[in-house]
Amino acid sequence: MSQPLTDSLLIELFTEELPPKALARLGEAFAQGLFAGLAERGLLDDGSTVTPYATPRRLAARISGVRESAPDREQREKVLPVSVALDAAGEPTAPLAKKLAALAKSVGVDAIDWQTLERASDGKAEALFYRYTARGAVLAEGLQAALDETIGKLPIPKVMSYQRPDGSTVNFVRPAHRLIALHGDKVVPVSALGLAAGRRTLGHRFLSAGEIDIPHAERYAAVLEDQGKVLASYAQRRERIREGLLAAAGADRVIMPEALLDEVNALVEWPVVYACHFEEAFLAVPQECLILTMQTNQKYFALTDANGQLRNRFLIVSNLATDTPQSIIGGNERVVRPRLADAKFFFDQDRKKTLASRVPQLANVVYHNKIGTQLDRVQRLQQIAGHIADALATAGVPVDKAAAMRGAELAKADLLTDMVGEFPELQGTMGTYYARHDDEAEEVALACSEHYRPRFAGDALPSNPVSIAVALADKLETLVGIWGIGLQPTGEKDPFALRRHALGILRMLVETPLPLGIDALLALTEQAFAGVPAVKPAREDITDFLYDRLRGYLKDKGYTTNEVEAVVSLRPQRLDDILGRMEAVRTFAALPEADALAAANKRITNILRKNTEAVGEVAPALFQEDAEGALHAAIDSVRPEVEAAFARGDFTAALRDLARLRDAVDRFFDGVMVMAEDAQLRANRLALLASLHALANRVADISKLAA
């Protein structure tokens, strides 16, 4: 039976254990690289698909609809400009003869007659072109090239050098031992990393025996699972782990971070979940410590009850299936015990010293060589948090200033504890536990952990005013200090996470909400750096940065670019009412009068921007047209209602009242020449438009809604 024109292609590279944290990326890059390389060479059908496989000891891909050979292609290649190829008499030059000889060799013909060349413009000048039929690549050639390219571009975290049995040196992520290349049921004669392709692979290191023949590319995954006890699909294996964990958890809840699932998935080929236990006495240690110990050191999955309290039962994912798992379970229980004992030791030792007693030692911890130590930073945080507490209290938000300053004083002290030294991820969390142990006020204890919030997009905000004051102080201090020494974000680089800090500030101002002005917050933060000459004032740039982040934040909430610009272009100082303004703008934009008023406001904005004359008060006695008086009367009529609605925060009502001005505005622009020759008349009309502009833009710049 002859080989069909198209069939599935299987490529497998069998290696020693691959780095777990890189396996997912390597598997995807291997599959996509091969697919792209074959597509580029015309060896794939329109409906071809690629299925990636990745296990701890193999990278593989199955590609459907792969051709034995690519179709021939008509090619058109530029030879030379006519001015170079032909002399004044129209005869071929030496450069043309040389070029045609090289071209004939590259396309596989004996010679090329220059008189058969096409004469046409190349877009700049007249040139000679050669048309020919290029032979399509055969699979072995195209696959070899695609395989070489793909291996060369893999995202390998660290390359190993090793020797093959023949003494040759190979560079790859891990030593490779076998290569499969099957087109349907036929081996494709390619090679890679010193290996010649075949059809044999190995299965699970312990659950299978001997070599496994892959009879057909389509049978790869099934044969490996059946005979080799290997789940080749990274995604399928990951889902089996997840399902196994959920089943073994029963009524409990399993803590399975995505990163841990990926890492464990990259360590097993035939995952089996077993339940283990540890002594209940360890539950006296903060559960965050125990969970992190199990996850980081042992790759175990912790369990909690329905209320989130840690259980003394945990789950492991083993690479061995057995009817008698007692030795596996017992071994893992013995391994985890000293880890948990270490955590308990750190916790007990740390509590022998109060957080407050550790604060002076922060003088020995450098924060940044241009800004000072962590103790310098803590002193700035205290000053900023105190000012924020004063500002909130003045605005009617009760805050315990002493508690805010105490929270700022203790916020970084847990950096010096043994537990945080072992697990930096627990900074803040341990501060709260230790502050409670030291009998600090609950608000102070919470501030130790909550001042880091929000840590990421969607994270919870600080839960009380004291934590909010310290969290704002922490993020403002970082933003102003780091920016002030010239380390602002550039492109994708943001090593101090200033974008995240800025978004955290905005979220607290908007969502809490807080009646604080952006400029006032930056000013009081700059004051805290008054004695640090390396920090240069950059308030204007930082303000622009904050408003740019605000634009992105509002767009993520579903508002359009025009709606966002209508509000943010006014650069509002307070953001506690900005969501109300956004909703008002959206409601206004849906009114039938909106388009006309937005266009008129845009026209007014342009007129006022071009006018360099001082705009005074409106003088009704100077009106010459009925439309002037009608607009003035309409403005006076709606002004009290607009201002009253604005004062009570009913921005939707304020904009709806403005919509009543449409007819008067239309009549004015239809019948009045604003830029009259008479200077006094012109100034009065500009003053009338300025009064309308000021009233219309109290809530938002509605001109930004104009298309």
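Values in this document were obtained by computation on a predicted structure and should not be read as measured data. (Residues numbered from 1 in each chain as written. Predicted model: local features only at pLDDT ≥ 70, side-chain atom pairs only at ≥ 80, totals over all residues. Heavy atoms only, no water.)

Some words on helix α18 (residues 518-528)
Point 1. What α18 keeps buried is the set Ile 518, Leu 521, Leu 522, Ala 523, Leu 524, Thr 525 and Ala 528.
Point 2. Where α18 is buried, its residues contact α11 (374-394), α16 (465-484), α17 (498-511) and α19 (539-556). (Buried < 20%, exposed > 50% of the residue type's maximum accessible area, 1.4 Å probe, protein only. Helix = DSSP H or I, 4+ residues; strand = E, 2+ residues; numbered from the N terminus. Contact = heavy atoms within 4.5 Å.)

Digging into the UniProt feature "domain: DALR anticodon binding" (unreviewed entry) in the protein chain
Point 1. Mapped onto this numbering, the UniProt entry gives "domain: DALR anticodon binding" (unreviewed entry) at residues 599-693.
Point 2. For the annotated span residues 599-693, helix accounts for 71% and strand for 0% of the residues, and the straight-line distance between the end C-alpha atoms is 12 Å. (UniProt positions renumbered as here; feature names shortened; annotations may be inferred.)

Remarks on the pairing of strand β7 (residues 160-163)
Point 1. As paired elements, β7 and strand β8 (residues 169-172) share 4 bridges and run antiparallel to each other. Residue Met 160 lies in a different strand from β8, and its bridge partner there is Phe 172.
Point 2. Linking two consecutive strands that pair antiparallel, namely β7 and β8, is a turn of 5 residues; a positive phi of about 95° is found at Gly 167 within it. (Pairing = 2+ DSSP bridges.)

Focus on the domain arrangement of the protein chain
Point 1. Partitioning the protein chain into structural domains gives domain 1 (4-68 + 136-226), domain 2 (72-132), domain 3 (232-349), domain 4 (366-557) and domain 5 (579-703).
Point 2. The C-alpha centroid of domain 4 is placed 50 Å from the C-alpha centroid of domain 1. (Domains from an automatic or database assignment.)

Digging into the sheet that holds strand β16 (residues 272-277)
Point 1. Spatially, 4 strands are ordered β15-β17-β18-β16 in an open sheet, and the strand pairing comes out antiparallel. The two strands at the open ends of the sheet, each matched to only one other strand, are β15 (253-254) and β16.
Point 2. Strand direction decides the pairing type here: β16 and strand β18 (residues 310-318), joined by 6 bridges, are antiparallel. Considered in β18, the bridge of His 277 is made with Arg 313.

Some details on the pattern of salt bridges
Point 1. Taken as a whole and assessed by the stated rule, the structure comprises 50 salt bridges.
Point 2. The salt bridge involving Glu 118 is made with Arg 76; its shortest N-O contact spans 3.2 Å. Here the residue Glu 118 occupies a position in strand β5 (residues 118-121), and Arg 76 occupies one in strand β4 (residues 73-81), the gap between them amounting to 42 residues.
Point 3. We classify Glu 118 as partly exposed; its relative accessible area is 25%.
Point 4. A relative accessible area of 40% places Arg 76 in the partly exposed class.
Point 5. Salt-bridge contacts for Arg 377 lead to Asp 474; the nearest nitrogen and oxygen are separated by 3.0 Å. Residue Arg 377 is located in helix α11, and its partner Asp 474 is located in helix α16; the two are separated by 97 residues in the primary sequence. Taken as a pair, Arg 377 and Asp 474 share a single burial class, namely buried.
Point 6. A cluster of three or more residues bridged by salt bridges with shared partners is formed by Arg 377, Arg 380, Lys 412, Asp 474 and Glu 477. (Salt bridge = Lys/Arg side-chain N within 4 Å of Asp/Glu carboxyl O.)

Remarks on unusual backbone geometry
Point 1. Here the bond from Arg 453 into Pro 454 is cis, since omega is -15°, no more than 30 degrees from zero.
Point 2. When you line up the elements, Pro 454 lands in the loop between α15 (442-450) and α16.
Point 3. The step from Thr 512 to Pro 513 runs through a cis peptide bond, and the omega angle for that step is -20°.
Point 4. Tracing the chain through its elements places Pro 513 in the loop between α17 and α18.
Point 5. Of note in the backbone geometry, Lys 299 takes a positive phi value of approximately 65° without being a glycine.
Point 6. Structurally, Lys 299 is set in the loop between α8 (287-298) and β17 (301-304).
Point 7. With phi around 65°, Asp 439 is a residue other than glycine that occupies positive phi space.
Point 8. Tracing the chain through its elements places Asp 439 in the loop between α14 (429-437) and α15.

A few points about the packing of α17 against α19
Point 1. The geometry of α17 relative to α19 is characterised by a closest axis approach of 9 Å and an angle of 70° between their N-to-C directions. Judged by the angle between their axes, α17 and α19 are roughly perpendicular. Here α17 runs over α19; the crossing is right-handed. Together, Leu 498, Arg 499, Ala 502, Leu 503, Leu 506, Arg 507, Val 510 and Glu 511 of α17 and Phe 545, Leu 546, Arg 549, Leu 550 and Tyr 553 of α19 make up the contact between the two elements.
Point 2. A breakdown of the residues in the contact of α17 with α19 according to their chemical character gives 9 nonpolar, no polar and 4 charged. (Axes fitted to C-alpha atoms, helices over the stretch in contact; angles between N-to-C directions. Parallel < 35°, antiparallel > 145°, perpendicular 65-115°, else oblique. Left-handed = near helix turned anticlockwise from the far one by under 90°. Nonpolar A, V, L, I, M, F, W, Y, C, P; charged D, E, K, R; others polar.)

Regarding α11
Point 1. In this model, α11 (21 residues) spans 30 Å end to end at C-alpha, consistent with the 30 Å of a helix rising 1.5 Å per residue.
Point 2. The N-capping residue of α11, defined by a side-chain oxygen 3.3 Å from the backbone nitrogen of Leu 375, is Thr 373.
Point 3. Positioned one or two residues after α11, Gly 396 has a phi angle of 95°, which is positive. (Expected span 1.5 Å × (residues − 1). Polar contact = N/O pair within 3.5 Å; in protein donor to acceptor, adjacent residues only side chain to side chain.)

A look at the side chain of Thr 293
Point 1. On the secondary structure map, Thr 293 appears in helix α8.
Point 2. Among all residues touching Thr 293, those that are not within four sequence positions of it are Gln 298, Arg 339, Leu 340, Ala 343 and Phe 423.

A look at the side chain of Thr 93
Point 1. With respect to the secondary-structure elements, Thr 93 resides in the loop between α2 (82-85) and α3 (94-107).
Point 2. Residue Thr 93 is classed as buried on the basis of its relative accessible area, which comes to 16%.
Point 3. In terms of polar contacts, Thr 93 uses its side chain to reach the backbone carbonyl oxygen of Val 84, at 2.8 Å.
Point 4. Not counting residues up to four positions away in its chain, the partners in contact with Thr 93 are Val 84, Ala 85, Leu 86 and Asp 87.

Observations concerning the environment of Val 272
Point 1. Mapped onto the fold, Val 272 is located in strand β16.
Point 2. In this structure the C-alpha to C-alpha distance between Val 272 and Ser 318, which are 46 residues apart in sequence, comes to 5.2 Å.
Point 3. Discounting chain neighbours no more than four positions away, the residues touching Val 272 are Ile 316, Val 317, Ser 318, Leu 320 and Ala 321.

Remarks on the packing of aromatic side chains
Point 1. Applying the stated rule across the entire model yields 10 aromatic pairs.
Point 2. Between Tyr 130 and Tyr 132, the ring centres sit 5.3 Å apart and the planes meet at 15°, which makes this aromatic pair stacked.
Point 3. With a relative accessible area of 11%, Tyr 130 lands in the buried category.
Point 4. Residue classification places Tyr 132 among the buried residues on the basis of a relative accessible area of 15%.
Point 5. A ring pair is formed by Phe 668 and Phe 669, whose centres lie 5.5 Å apart and whose planes are at 85°; its orientation type is edge-to-face.
Point 6. On the basis of relative accessible area, Phe 668 is assigned to the buried category, the value being 0%.
Point 7. These aromatic residues form a ring-pair network of at least three members: Phe 278, Phe 282, Tyr 300 and Phe 314.
Point 8. Over the ring of Phe 129 we find Arg 76; its NZ or CZ atom is 3.8 Å from the centre of that ring.
Point 9. Over the aromatic face of Trp 270 sits the side chain of Arg 240, whose NZ or CZ is 5.5 Å from the ring centroid. (Phe/Tyr/Trp six-rings, centres within 6.5 Å; stacked < 30°, edge-to-face > 60°. Lys NZ or Arg CZ within 6 Å of the ring centre and 35° of its normal.)

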